[in-house]
Each structure stands twice: as structure tokens, then as C-alpha cells.
Amino acid sequence: MTTTLGTRPATRPPKPAPARPSRRAKSSYPHWFYLPAAVVYTALFLLPTAAAFFFSLTRWTLFDYEFIGLDNFVQFFREPALVKGLTNTLIYAVVTSGLKVVLGLLLAVLLTSQIIGRGLLRSVMFFPVLVSTIGVGITFTALMHPSEGAINQALAAVGVDGPAWLTDPSWALLSVALVDVWKGVGLATMIYIAGVVSIPPEYYEAAEVDGASALERFRHVTLPLARPATVTVIILSLIGGLRSFDLIWAMTGGGPGFTSDVIASVIYKQYQAGFYGLSTAGNVVLFLLVSALAVPLFWFLNRRETEL
């Protein structure tokens, strides 16, 4: 291509910029994407929750209802078994969640170390989580029989007089809590294993170079960096302990007397007696109790984590 003096060479016109999608086109897909989940969440959680709050203010049957205000709540809190059930619920939740945190962390450290049969031991540890809760309750009810149970017979063989695990008022709630820990510690261990193996090995190598012992490495490396797993285990175990019912009902039925009753079993007994409005009010109380304890605790633990 030749050009003459004073003539600028021909240039190609600039390519037009690609058209930007409008803001409306960019945001319409995510909003429609949320709709199925919102429908399911509304149908399975929001509407039943709103209905429970409404019917807790009524005296209802399957065919009609009568609005009575807060009378159900007043009567519920006057129930003699409620104070005992509330106390037992808090004790049960604290004991089970505390033991799951401690045992889960220690077992996770053990099962992430260089031990023989590590994979098999992990499977064995998680197996109780997969077993039916009612089946576990029935099995341990037989094992904890005061005279014919295998546990007391094994203790008697070494000269120890075992307690009446499920019929002694001072042992019944603790016995069920220990069975709950046996069944649920496998899940806590798996969560901790995921947290421990995600810690970069460079931290342990640096601590070892600095002369830190195994206990010091556990205290200054494992504990702080496994904090997200600890928060998860605490919240899940606490909520599960506050809502526990099936294992307690299968093993003791809330007995002997009311010594192992929790709020959920008190609610179930009110429902069995035909006091549907009263039992619905109890469910609302349990919902508010779980929310009042779990939500602030979750916020506090995550706030501490971000500060650290």
C-alpha cells in the first residue's frame, strides 16, 4: 500500500464496545433462582411456625378452635413438671455438648496421627451415628438393667457394685446423657478431623523447630486453628441436646417419676392427654429457648473468631 506526502494512512475504524447487559438483565436470574428455595422454606418453616404461634393462643381440636390469649402459656409455666423439665433440659444439653466437644477433639487428634488402622477406626467411630436412636435406646436399656444388664455384670466381675442406671433418680438423666454422647461423638469427631487436617503442616513444623512439645503444639496450634470446627460442634450439640426427646423417651419415658423429663417429653405428655393448645404453647417455648441460647452463642463465638 502506497501513500502520498501529506496524506494520512488509512486506519481501521475502532471496534464498537460490546453492549453491556442491563442491570435488570443481570439481576433477574439470581432473583428467580432464589424463588424455589424461598417457596420450600416458606411452606416447610415459616407457615408452620406462624401456625404454631397462632394455635398456641387457642384451645383447639382437629375441627375447631377457641382463642384464649396467653392462658396456655400461663398454665404451662404453672405445671410442676415444667421447672424440673427445664432444669433437666439445660443440664442434659450442657453435659452432652461439653463431652462431645472434649472427646471429639481428642479423638480427632488421635485419628489424624500416624496410627495403625486409622481408616478403620474412623469408620468404627462414626458407625453409632448411623444407628437408629430408638434402637440404641432399647439396646442400652437392656445393657443397663440393674441386675441382668451386661454393664453391671461386668462391673460385678471386678468387684464393683454398679448403680441402677435407669431406675435410680440420681443416675437416670446422666445415664441417658452418656448414651447420647456415645451415639453422637462420632459426628463431632468427623467435624474435628476435617478441621485438623485443614491446618497447614507448616505451622506444626515451625513449632517443632522452635522446640515446642506435643502438648504445646496442641495448645498453641491445633486448638486455635480448629476453632471453626469447635464452634460448629458446640452449636450442633447444644441444639440437639435442647431438643432431645427420642432417646430419653425410649430409655426412661421421663422417669422414674419426673426425674429425667425434659421439655420435649413434658410437651409430648400434654399432647397425649389431649391438651393440644397447651402442648403447642410448649413447642413455642422450646423454640424460643433454643433460639435464645443458640443464636447469641453463635454470634458470640463467631465474633470472637473474627477478633482473633
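As the structure is a computational prediction, the values presented were derived from the model and not from experiment.

## Describing the overall build of the chain
So, point 1. Within the chain, the secondary structure is distributed over 13 helices and 2 strands.
So, point 2. By sequence separation, contacts in the chain at least 24 residues apart represent 67% of the contacts at least 6 residues apart.
So, point 3. Working note: accessible area of the chain is about 19600 Å², and carbon and sulfur atoms make up 67% of it.

## Observations concerning the packing of helix 8 (residues 201–209) against helix 9 (residues 214–225)
So, point 1. In the contact formed by helix 8 and helix 9, the axes pass within 10 Å of each other and the chain directions differ by 160°. It follows from the interaxial angle that helix 8 and helix 9 lie roughly antiparallel. Handedness of the helix 8/helix 9 crossing: right-handed. Residues Tyr203, Tyr204, Ala207 and Glu208 of helix 8 lie in contact with helix 9, whose contacting residues are Arg217, Val221, Thr222 and Leu225.

## Observations regarding the layout of surface pockets
So, point 1. The volume enclosed by the largest pocket comes to roughly 450 Å³.
So, point 2. As for the largest pocket, its lining consists of 20 residues, and the residues nearest its centre are Lys100, Asp180, Lys183, Gly184 and Gly240.
So, point 3. Classifying every residue of the lining of the largest pocket by side-chain character gives 9 nonpolar, 6 polar and 5 charged.
So, point 4. For the second largest pocket, the calculated volume is near 250 Å³.
So, point 5. Along the walls of the second largest pocket sit Val109, Thr112, Ser113, Val196, Val197, Tyr204, Glu205, Glu208, Ala214, Arg217, Phe218 and Thr222, which together make up its complete lining.
So, point 6. For the lining of the second largest pocket, the elements supplying multiple residues, two or more each, are helix 7 (172–197), helix 8 and helix 9.
So, point 7. Grouping the constituent residues of the lining of the second largest pocket by class yields 6 nonpolar, 3 polar and 3 charged.

## Some details on the packing of aromatic side chains
So, point 1. On inspection of all chains with the given rule, the structure shows 14 aromatic pairs.
So, point 2. Centroid distance phenylalanine 54 to phenylalanine 55: 5.2 Å. Interplanar angle 75°. Geometry classified as edge-to-face.
So, point 3. Its relative accessible area of 29% is what places phenylalanine 55 among the partly exposed residues.
So, point 4. Put simply, the rings of Phe54, Phe55, Trp60, Tyr65, Tyr271 and Tyr276 pair up and form one aromatic cluster.

## Considering the pattern of salt bridges
So, point 1. In this structure the tally under the stated criterion is 3 salt bridges.
So, point 2. With its nearest N and O atoms 3.4 Å apart, the salt bridge here joins arginine 59 to glutamate 66.
So, point 3. Glutamate 66 sits in the partly exposed class, given a relative accessible area of 44%.

## Quick notes on the side chain of serine 175
So, point 1. Secondary-structure assignment places serine 175 in helix 7.
So, point 2. A distance of 2.7 Å separates a polar side-chain atom of serine 175 from the backbone oxygen of tryptophan 171.
So, point 3. With residues up to four places along the chain from it excluded, the contact list for serine 175 reads Met144, Trp165 and Leu166.

## Regarding helix 12 (residues 263–272)
Side chains that are three or four residues apart share a direction in an α-helix, a result of its 3.6 residues per turn.
So, point 1. Turning to helix 12, its buried residues number three or more, namely Ile263, Ala264, Ser265, Val266, Ile267 and Gln270.
So, point 2. Following helix 12 by one or two positions, glycine 274 adopts a phi angle in the positive range, close to 95°.

## Observations regarding the side chain of threonine 222
So, point 1. With respect to the secondary-structure elements, threonine 222 resides in helix 9.
So, point 2. For threonine 222, a relative accessible area of 4% puts it in the buried group.
So, point 3. Threonine 222 has contacts with Val109, Val196, Ile199, Tyr204 and Arg217, leaving out every residue within four places of it along the chain.

Conventions adopted
- One numbering rule holds for all chains: residues counted from 1, following each sequence as written.
- Local features in this predicted model are restricted to residues of pLDDT 70 or higher, and side-chain atom pairs are both shown and tallied only at a pLDDT of 80 or more, whereas totals for entire chains, interfaces and linings draw on every residue.
- Calculation of side-chain values draws on the structure's entire complement of heavy atoms; hydrogens and water are dropped beforehand.
- Secondary structure is summarised from DSSP: a helix means a run of H or I of at least four residues, a strand means a run of E of at least two, and numbering begins at the N terminus for each.
- Residue contacts follow a heavy-atom distance rule, with two residues in contact if any of their heavy atoms lie within 4.5 Å.
- Accessible surface area values rest on a Shrake-Rupley calculation with a 1.4 Å probe, where residue burial reflects the displayed protein chains alone.
- Every axis corresponds to a line fitted to the C-alpha atoms, with the helix fit spanning only the stretch in contact, and the corresponding angles, defined between N-to-C directions, vary from 0 to 180 degrees.
- Any angle that falls under 35 degrees is termed roughly parallel, while one over 145 is termed roughly antiparallel, one within 65 to 115 roughly perpendicular, and all others oblique.
- The crossing is said to be left-handed when, going from far helix to near helix, the turn is anticlockwise and less than a right angle, and right-handed when the turn is clockwise.
- Cavities and pockets were defined on a 1 Å grid built over protein atoms only: a cavity is a set of grid points that admits a 1.4 Å probe from which the probe cannot escape, a pocket is an open set flanked by protein on both sides within 12 Å along at least five of seven lines, and lining residues are those with an atom within 4 Å of any such point.
- Grid points are joined across faces, edges and corners, and a volume is the space filled by probe spheres set on the points.
- For this classification, Asp, Glu, Lys and Arg are treated as charged, while Ala, Val, Leu, Ile, Met, Phe, Trp, Tyr, Cys and Pro are nonpolar and the rest, including Gly, are polar.
- Ring pairs shown here join Phe, Tyr and Trp side chains whose ring centres sit within 6.5 Å, with only the six-membered ring taken for Trp; geometry is labelled stacked below 30 degrees between planes, edge-to-face above 60, and tilted in between.
- Burial status follows relative accessibility: with a 1.4 Å probe on protein chains alone, a residue under 20% of its type maximum counts as buried, one over 50% as exposed, and anything between as partly exposed.
- The rule for a salt bridge is simple: a side-chain nitrogen of Lys or Arg has to be within 4 Å of a carboxyl oxygen of Asp or Glu.
- In protein, a polar contact requires one atom able to donate a hydrogen and another able to accept it; more generally it is a pair of N or O atoms within 3.5 Å, and residues adjacent in sequence count only if both atoms are side-chain atoms.

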